[in-house]
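The residues making up each chain are set out below.
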Amino acid sequence: MYTNKTLKVINLIEYIELVFTDYTLRTITLGTTILGAVTGMLGSFAVLRKQSLLGDAISHAALPGIAIAFLITGAKDSNTLLIGALISGLIGTFWIRGIVTKTHLKSDTALGLILSLFFGFGMLLLTFIQKQPNANQAGLDKYLFGQAATLVESDVWLMAIVTGICFIVMLTFWKEFKILLFDADYAQTLGFNTKFIDILITTFIVLAIVLGLQTVGVVLMSAMLLAPAAAARQWTNSLSVMVLLAAIFGALSGVFGTAISASQDNLSTGPVIVLVAGVFVVFSFIFSPSRGLLFKQIRFIKNRRDLELHKTLAFMHHIAETHEDISHPHAVKLLNNFQGYTRSTLQKLVDKNYVQLHGNMWSLTKTGFEVASNLYTKQSTEDE
Amino acid sequence: MSNAQLEIQLIASLVAVACAIPGTFLVLRKMAMISDAISHSILPGIVVGFFITQDLNSPLLILLAALTGIITVVLVEYIQKTGLVKEDTAIGLVFPAMFSIGVILIAKNANDVHLDVDAVLLGELAFAPFDRLLIAGTDVGPKSLWVVGTILLITITLLILFFKELKISTFDKGLAASLGFSPAIIHYGLMSVSSITTVGAFDAVGAILVVALMIAPAAAAYLLTTDLKKMLGLAIGFGIFSAIFGYWVAHWLDASIAGSITTVLGLVFLLVYLFAPSKGIIAVMYREKQQRTEVSLLTFLLHLKNHDDIEERHVNHLNEHINWQKVRAKTVLDLAKKNNMIHIKDNIVSLTKKGDEFTSKAIDYIITNEDAQIEDMKDDFFLFRG
């Protein structure tokens, strides 16, 4: 959604040209892309550490920090406000940890508490600020829902720098991050300072969330963190591939989200990016080869088919047994009453060379008979 | 106090009670974040309902929006059941998507809908008294008062009717199922009540305050008691207190009522979190320190019992041998002396008769793997705790 100009994009090529020539569009696209990449990267850690909802809590907890930073400095400089957000996000995170470790309240309660209480307090401060006679205060509420259109070049630079630092730290501490993620106790026995690594990861997650507040806002920030990671998780079991994939999914959500929202009137960028990321998730859930629902269902059907094939074969074996010549032909009709028999299973048996078809008659081949009798003995031994 | 002020406080208190009841069970069932998910994902339901009814207080809209809430719960559970992601990730994926759809719906139809996302999230309690319900031309009070009141009445009726079932299924799902109450029905019943409460209350207090009112009073109450009925009572009490006190803070600061009620709730929780008698942070830290000293004391006594030689029991040697810092060694030594477990003569520490008896018993328990018994034994032997 543009406040300064409305873009009517007619076709793709023109849009791509515009991305490179138009200042606003270029800044926004770059910003959302970088943001998507960094949140996807760090989100992988949040998802694997089972801290998925931490992002939601932190982004809400950042609000009072923004308001207090504004109250203290009186300026709307986005860097100052983000430092405020960072501090209050960190306070929220550590309070959550305090509640979970020191009391018997569970993590969901702690998250919900910090989320709603900090957010409410932030709203109290924001409404309080709005009543102050200070012309500068307008626009603070963009942090609620985010306004990608307000991104300027310096914001994008900040994002790029933070992403760079984040990337370097991640590469440096890759081994530590990985071991803490999958076996924290083992990491501790190896002599790693787990507390430090833990705080490092958490701080970077908070940082990424705070960076995104201006673009997608408090409410939708958690999805930016989770969705690319959840989608990437479906395609791989390797951490490095997952982080890379999540970064790519995040970046693509940013690019496509911005493009879709720019091509229509009245479409805020944040929600569109979230929905694009959601499409990635749904696609991954369904079409991932190893974990996806579609292939799972196909495997399920295939297994059932195999079972029916065996059943038919066993039934044929049962009939063939009564004859001296195992290849004695029988009418296909005989099979009709048997549940599990279909024309395709019969065809499959023929393809596998277990059965021979002559018009309306079938007969077991030698291999077919042997397979069937083995099938039979295996089953009967299992029954006994 | 004007009539409108009284009505606002009444509405806020009713919302607080209506939220505290399902909130208590959500906290106990470890499903607190579901309330957050519901409160966000009712947005598309509200928007669609508003297209149809053009009235934010219409029962049809409340039902539609509550249905969206239940769809969210079902969707979360479906995703969870596929095993592709963990439950918390499922929650975190579903509600932002629903919320985004709501935001886009509003933005796309900005000209037809007099709905503001801010208003949905934050509510505006101050305007609640202006929207009156007229029955046959007579003014019977603010609409939201009636809406919230009805929801509260339904909630209380359900609570009283199904208290036993709720209680059992919350604490022991297996027992509930074997007794013939379907945990699924209770579960979805609770989800429906939470959804309806959230929707009914959002107009007055906003979606975020609903979450705060559900979780914070219940969490604070849970730190103070382990009795379900007392917990419900305390949660309701905290809710009403915060609603009324929060209103006056907002009045004084001239700021958002919802924000102010949440802040008061936050302060209440903070106080309970710090000072709750046995589960507050101060009590927990004190108890941890006490236990550390008492374990040290036990180690110390066991050491004494193991060594008869005089040089092993010399004060200086003990300092080295057990390798404690000076301060801690002194604390432990003082505690042992105060409890008549040891006596010190010429810097030689020896067990008293009582100390010897205590240590022997402790060894017995340790050998027979009944360490827990030592805790009970402490009550018999200790005059002063660590």
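Residues numbered from 1 in each chain as written. Chains lettered and ligands numbered in written order. Predicted model: local features only at pLDDT ≥ 70, side-chain atom pairs only at ≥ 80, totals over all residues.

J.: I'd like to hear about the overall build of chain A, residue by residue, with values.
T.: Summing up its helical and strand segments, chain A has 16 helices and three strands in all. For 384 residues, the compact-globule estimate of 2.2 N^0.38 gives 21 Å, and chain A exceeds it by more than 25% at 30 Å. Seen through its C-alpha atoms, chain A measures out along the principal axes to roughly 105 × 60 × 35 Å. Scored against the burial criterion, the 384 residues of chain A give a buried share of 45%. For chain A, long-range pairs separated by at least 24 residues make up 72% of all intrachain contacts whose partners lie at least 6 apart in sequence. (Helix = DSSP H or I, 4+ residues; strand = E, 2+ residues; numbered from the N terminus. Rg over C-alpha atoms; globule rule 2.2 N^0.38 Å. Buried ≥ 20, exposed ≤ 12 C-beta atoms within 10 Å, placed from the backbone. Contact = placed C-beta atoms within 7 Å.)

J.: So what's going on with the overall build of chain B? Which residues, and what values?
T.: From N to C terminus, chain B includes 17 helices and four strands. Against the globule reference of 21 Å for 386 residues, chain B gives a C-alpha radius of gyration of 29 Å, more extended than a compact globule. Counting only C-alpha atoms and orienting by the principal axes, one finds that chain B spans roughly 95 × 50 × 40 Å. Buried positions account for 45% of the 386 residues belonging to chain B. Of the contacts made within chain B by residues no fewer than 6 positions apart, 67% connect residues no fewer than 24 positions apart.

J.: Account for the nonpolar core, with residues named and values stated.
T.: In this structure, Val15, Val148 and Ala219 of chain B are the most contacted members of the largest nonpolar core, which totals 200 residues. Of all the elements, helix H10 (residues 194-233) of chain A adds the most residues to this core, at 24 residues. Residues contacting alanine 219 of chain B, with those up to four places away along its chain left out, are Leu105, Thr109 and Leu113 of chain A together with Val27 and Phe269 of chain B. (Core = buried A, V, L, I, M, F, W, Y, C linked by C-beta atoms within 7 Å.)

J.: Please give an account of the sheet that holds strand S1 (residues 330-331) of chain A that cites residues and values.
T.: With respect to topology, three strands assemble into an open sheet ordered S1-S3-S2 (chain A), the strand pairing being antiparallel. Each edge of the open sheet is held by one strand with a lone partner, namely S1 and strand S2 (355-358) of chain A. (Pairing = 2+ DSSP bridges.)

J.: Would you mind going over helix H9 (residues 183-205) of chain B in detail, with residue names and values included?
T.: The periodicity of an α-helix, 3.6 residues per turn, causes residues three or four places apart in sequence to face the same way. Under the 1.5 Å per step criterion, the end-to-end length of H9 of chain B is 31 Å for 23 residues, consistent within 8% with the ideal 33 Å. The positive-phi residue at the C-terminal boundary of H9 of chain B is glycine 206 of chain B, with phi of around 85°. (Expected span 1.5 Å × (residues − 1).)

J.: Please set out the environment of leucine 60 of chain B residue by residue, giving values where relevant.
T.: On the secondary structure map, leucine 60 of chain B appears in helix H3 (residues 59-82). Sequence spacing of leucine 60 of chain B and alanine 176 of chain B is 116 residues, and the spatial spacing of their C-alpha atoms is 34 Å.

J.: Can you explain unusual backbone geometry? Please cite residues and give values.
T.: All names here are of chain B. Of note in this structure, lysine 30 is not a glycine but carries a positive phi near 60°. Mapped onto the elements of the fold, lysine 30 is located in the loop between helix H1 (3-28) and helix H2 (32-53). Residue classification places lysine 30 among the partly exposed positions, given that 14 C-beta atoms sit within 10 Å. The backbone phi angle of aspartate 254 is positive, close to 55°, even though this residue is not glycine. Considering the arrangement of structural elements, one finds aspartate 254 in the loop between helix H11 (228-253) and helix H12 (257-275). With 11 C-beta atoms packed within 10 Å, aspartate 254 lands in the exposed category.

J.: Tell me about the interface of chain A and chain B, and name the residues and values.
T.: With 50 residues of chain A in contact, the opposing surface of chain B contributes 53 residues. Only helix H4 (78-102), helix H5 (107-130), helix H6 (142-145), H10 and helix H12 (269-287) of chain A provide two or more residues apiece to the side of chain A that touches chain B. With 15 residues, H5 of chain A is the largest single contributor of residues to the side of chain A that touches chain B. Tallied by class, the residues present in the side of chain A that touches chain B amount to 27 nonpolar, 14 polar and nine charged. (Nonpolar A, V, L, I, M, F, W, Y, C, P; charged D, E, K, R; others polar.)

J.: Which residues make up the domain arrangement of chain B, and what values do they have?
T.: Entries for chain B in the domain assignment read domain 1 (3-277) and domain 2 (282-381). Using C-alpha coordinates to define each centre, domain 1 of chain B is positioned 53 Å away from domain 2 of chain B. (Domains from an automatic or database assignment.)

J.: Lay out the pairing of strand S3 (residues 361-364) of chain A in plain terms, naming residues and giving numbers.
T.: All names here are of chain A. Going residue by residue along S3, you find Trp362 and Leu364 tucked away on one face and Met361 and Ser363 left uncovered on the opposite face. Two strands pair when backbone bridges link them, and S1 and S3 are joined in this way by two bridges, in the antiparallel orientation. In the strand pairing of S3, alanine 331 is matched with methionine 361. Summarising the sheet, S2 and S3 pair through four bridges and their orientation is antiparallel. Following the sheet pairing, glutamine 356 is matched in S3 by serine 363. The hairpin formed by S2 and S3 contains two residues between the paired strands, and glycine 359 there has a positive phi angle of roughly 60°.

J.: I'd love a proper account of the confidence of the model for chain B, names of residues and values included.
T.: When pLDDT is averaged along chain B, the result is 84; 93% of the residues meet or exceed 70. For this predicted complex, the interface confidence reaches an ipTM of 0.85, while the overall pTM sits at 0.83. (pLDDT = per-residue confidence, 0-100.)

J.: Can you tell me about the environment of phenylalanine 196 of chain A, naming the residues and giving the values?
T.: Residue and element names in this part refer to chain A. Within the secondary structure, phenylalanine 196 sits in helix H10. According to the C-beta neighbour criterion, phenylalanine 196 is exposed, with 12 such atoms within 10 Å. Each C-alpha atom of the pair phenylalanine 196 and glycine 55 lies 20 Å from the other, and the pair is 141 residues apart in sequence.

J.: Go over the pairing of strand S2 (residues 138-142) of chain B with me, naming the residues and quoting the values.
T.: Residues and elements named next belong to chain B. Taken together, the three bridges between strand S1 (residues 132-135) and S2 define a ladder with antiparallel strand orientation. Across the sheet, residue arginine 132 finds its bridge partner in S2, namely proline 142. The hairpin turn running from S1 into S2, its antiparallel successor, is two residues long, and alanine 136 in that turn takes a positive phi close to 50°.

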